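# Close look at the chain arrangement
Here is what each chain is made of, one letter per residue.
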Amino acid sequence: MSHSTFDVTADGEPAADVLVVGLSSPGFAGVTATDYLTRHLPSEEVGHVSPAEFPTITPFAEGRPRNPTRIYDIEDTALAAVVGELFVPVPAAPAFVDSLLSWVEEAGISEIVVPYGIPFPHGPEEHDVFTVATDAFREHRLEGSGFDGLRGGVLDGPVGELVARSMNDAAPPTGALLTPVHSPGPDLEAAIRLVDALESLYGVDVDEGELRRQSRELQEYYATLADRMNAIEEGSRDYPEDRSYM
């Protein structure tokens, strides 16, 4: 199956009703959470999405290259997953979603959920997962879940396109699980929140130990880096401001 911008190649259809779409965005929370599910639950790669008209990337693991946007069947669950390591620019979002939804229809997917991290303003007590979802998704999946709707804002790119299509019944019921992210680097705490939300909503059980350990190590790394930068700044104050004769 092809499109002017993206090609979807699938070896088979997953035995799943729900598609988890993990996309690259600031903080990489959504794609990290989705990738973690596919690596810590029995999963099989069943296809991939490749761009036809703009530069791609080639991620690799253990010395082996792999497709940047992969489709998985997560065995013994109702879930399939898209792990999108390639950032899809806003202008390319309609073409990406066109190709993905064509495959979704063929595969018999009846629901789409997008775990996603966005850098929106929030207080220290607002490190939580919020939702933006169509009525059909909300009634079927979110009743009694305890997840609040995000107060206001704009969704752009593929996540915004997917939610908009669902509003017009051109896509299955779709919901975005949104959590605030922080720079620099990947926000693994945000990814953990999204994994927790997916576990809660879809009844899967994932050992989060590796992700929590990586998060602690990353926090320690940035704390050490900040200390070094502060030490450099304080040391620079010992030099005269006019350094023209140094």
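Preceding this section is the structure that the text describes.
Here is what the cut-offs are and how they apply
Residues numbered from 1 in each chain as written. Predicted model: local features only at pLDDT ≥ 70, side-chain atom pairs only at ≥ 80, totals over all residues. Heavy atoms only, no water. Helix = DSSP H or I, 4+ residues; strand = E, 2+ residues; numbered from the N terminus. Buried < 20%, exposed > 50% of the residue type's maximum accessible area, 1.4 Å probe, protein only. Contact = heavy atoms within 4.5 Å. Areas by Shrake-Rupley, 256 points an atom, 1.4 Å probe, with all protein chains shown as cover. Salt bridge = Lys/Arg side-chain N within 4 Å of Asp/Glu carboxyl O.

## A short note on the overall build of the protein chain
Helix and strand counts for the protein chain stand at 6 helices and 10 strands. Expressed as a percentage of the 246 residues in the protein chain, the buried residues total 46%. Counting only contacts in the protein chain whose residues sit at least 6 apart along the sequence, the fraction spanning at least 24 positions is 74%. Approximately 12,900 Å² of the protein chain is accessible, and the part contributed by carbon and sulfur atoms is 49%.

## Points about the pattern of salt bridges
Scanning all chains against the criterion turns up 10 salt bridges. Residues Arg70 and Asp35 are paired through a salt bridge, measuring 3.8 Å at the closest nitrogen-oxygen approach. Placement of Arg70 in strand 6 (residues 69-74) and of Asp35 in helix 1 (residues 29-40) is noted, with a sequence separation of 35 residues between them. When sorted by exposure, Arg70 lands in the same class as Asp35, which is buried. Between Asp196 and Arg212 there is a salt bridge, and its shortest N-O distance comes to 3.8 Å. Here Asp196, found in helix 5 (residues 188-202), pairs with Arg212, found in helix 6 (residues 209-236); they are 16 residues apart in sequence, far enough to count as distant. Residue classification places Asp196 among the partly exposed residues on the basis of a relative accessible area of 31%.

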